[in-house]
Amino acid sequence: MTPERFAECLVSLRWTTIELTSALQCQLSWVEAMESGHVEIPEDLARWLDRLARCHETAAVPTSYRGLAG
């Protein structure tokens, strides 16, 4: 996984690096190093992030409720 796809996945998931750090229970500096490309993203983590992001990208946010409240 490229650092660019890593960042795209976080955007799709609406996660910050801090939220990913919390989910993985790891050091923020390691997540930031992956994000910047200084550390290789482990294959299992890359597959997991990509699968989650693709689910979010495919499902999209519903919009039919907009304009109903208020």
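A brief look at the structure comes next. (Residues numbered from 1 in each chain as written. Predicted model: local features only at pLDDT ≥ 70, side-chain atom pairs only at ≥ 80, totals over all residues. Heavy atoms only, no water.)

## Here's the deal with a nonpolar patch on the surface
A surface patch of nonpolar side chains, about 320 Å² in accessible area, is lined by Val61, Tyr65 and Leu68. Topologically, Val61 is positioned in the segment after α4 (43-59). Judged by relative accessible area, Val61 falls into the partly exposed class, the value being 40%. (Patch = residues over 30% accessible without salt bridge, like charges linked within 9 Å, V, L, I, M, F, W, Y side chains within 5 Å. Areas by Shrake-Rupley, 256 points an atom, 1.4 Å probe, with all protein chains shown as cover. Salt bridge = Lys/Arg side-chain N within 4 Å of Asp/Glu carboxyl O. Helix = DSSP H or I, 4+ residues; strand = E, 2+ residues; numbered from the N terminus. Buried < 20%, exposed > 50% of the residue type's maximum accessible area, 1.4 Å probe, protein only.)

## Here's the deal with the nonpolar core
Core analysis: the largest hydrophobic core is formed by 12 residues, namely Phe6, Cys9, Leu10, Leu13, Leu20, Val31, Met34, Ile41, Leu45, Ala46, Leu49 and Ala53. Secondary-structure elements contributing two or more residues to this core are α1 (3-13), α3 (28-36) and α4. (Core = buried A, V, L, I, M, F, W, Y, C linked by side-chain atoms within 4.5 Å.)

## A short note on α3
Because each turn of an α-helix spans 3.6 residues, side chains separated by three or four positions in sequence point in the same direction. Looking at α3, one finds that the buried residues are Val31, Ala33 and Met34. Buried residues of α3, seen end-on, are gathered within an arc of 160 degrees and therefore sit on one face of the element. Count one or two residues on from α3 and you reach Gly37, which has phi positive near 90 degrees. (Arc of directions from axis to C-beta.)

## A closer look at the pattern of salt bridges
What the rule picks out here adds up to 5 salt bridges. For Glu8, the salt bridge identified is with Arg5, shortest N-O distance 3.3 Å. Of this pair, Glu8 and Arg5 both sit in helix α1, 3 residues apart, roughly one helical turn. A salt bridge links Arg47 to Glu43; the nearest nitrogen and oxygen atoms lie 3.8 Å apart. Residue Arg47 and its partner Glu43 are both found in helix α4; the two are separated by 4 residues, about one turn of the helix. On the basis of relative accessibility, which here comes to 40%, the residue Arg47 falls in the partly exposed class. Through salt bridges with shared partners, a single network forms among Arg5, Glu8, Asp50, Arg54 and Glu57.

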